[in-house]
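What follows is the residue order along each chain.
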Amino acid sequence: MIGLINDLLDIEKIKSGTMTLTSEIVGLQDVFNDVKANVAALTEEGHIYFECPQTKLTVVADKEKLNRVIFNLVSNAIKFSPPQSRLILAACISTNPSEKKESGKEFVEITVSDQGPGIPPDMVSTIFERFQQVSDSTHNSKGGTGLGLTICKEIVNMHGGKIWVESVEGEGSIFYFTLPTEMSAVAPVPAPN
């Protein structure tokens, strides 16, 4: 109940504009290491192989809120992954030309891939909406408020990024989100006359 209340309060803060970002240049490896440490007991208990390839990429983000987004996506992936399956948290430079064209910025794409049951096709487009949870016999016992992915979406949107999922039922899901890179967030210094 407390988790639900806190999630609802956070959504209202986002919607009312009272949740603020403290943006800084954030090394993704630091955040990945924090998340990996925070879920170590869950991966061990669930017998999940959690891979996190090394990265030197940086983004402009609120580190605490970025940590929350990644933790939420990773902990969801663990929750729905069968024993002995693989979970991968990775980052690369986004190759989406439309995103760069729309904003004039470079983006980093962060992915969380799992080998869980996947998301039914009819839910892929609504999974980020409030109180949406996959509701079949495989997922019923997993718990949660149905607000975690909504909060992730709102936080990513506040950063100027995008979030989406690709999923094949019975094979797993890949959650993607983008954030601006260090270079794109630093305004160019005008050349002296």
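Everything numeric here is computed off the predicted structure, so don't read it as measured data.

Visitor: Would you mind going over unusual backbone geometry with me for this structure?
Guide: Backbone phi values are negative for most residues with the exception of glycine, while trans is the configuration of most peptide bonds. One non-glycine residue, His-47, lies in positive phi territory at about 55°. By the element assignment, His-47 lies in the loop between helix H3 (40-46) and strand E2 (49-51). One non-glycine residue, Gln-84, lies in positive phi territory at about 70°. On the secondary structure map, Gln-84 appears in the loop between helix H4 (63-80) and strand E4 (86-93).

Visitor: Just checking my understanding: could you explain the pairing of strand E6 (residues 163-168) for this structure?
Guide: The two faces of the sheet receive side chains in turn, since in a regular strand these alternate between them. Judged from the 6 bridges that link them, E6 and strand E7 (residues 172-180) form a sheet pairing that is antiparallel. Each bridged residue has a counterpart across the sheet, and for Val-168 the counterpart in E7 is Gly-172. Where E6 hands over to E7, the hairpin turn is made up of 3 residues, of which Gly-170 adopts a positive phi near 85°.

Visitor: What should I look at first to understand H4 in this one?
Guide: Spacing of three or four residues puts side chains on the same side of an α-helix, whose turn is 3.6 residues. Taking 1.5 Å as the rise per residue, H4 with 18 residues should run 26 Å; its terminal C-alpha atoms sit 26 Å apart, in good agreement. Listing the buried residues of H4 in full gives Lys-65, Leu-66, Asn-67, Val-69, Ile-70, Asn-72, Leu-73, Val-74, Ser-75, Asn-76, Ala-77 and Ile-78. One side-chain oxygen of the residue at the start of H4 lies 3.2 Å from the amide nitrogen of Glu-64, identifying that residue as Asp-62.

Scoring rules and cut-offs
Residues numbered from 1 in each chain as written. Predicted model: local features only at pLDDT ≥ 70, side-chain atom pairs only at ≥ 80, totals over all residues. Heavy atoms only, no water. Helix = DSSP H or I, 4+ residues; strand = E, 2+ residues; numbered from the N terminus. Pairing = 2+ DSSP bridges. Expected span 1.5 Å × (residues − 1). Buried < 20%, exposed > 50% of the residue type's maximum accessible area, 1.4 Å probe, protein only. Polar contact = N/O pair within 3.5 Å; in protein donor to acceptor, adjacent residues only side chain to side chain.

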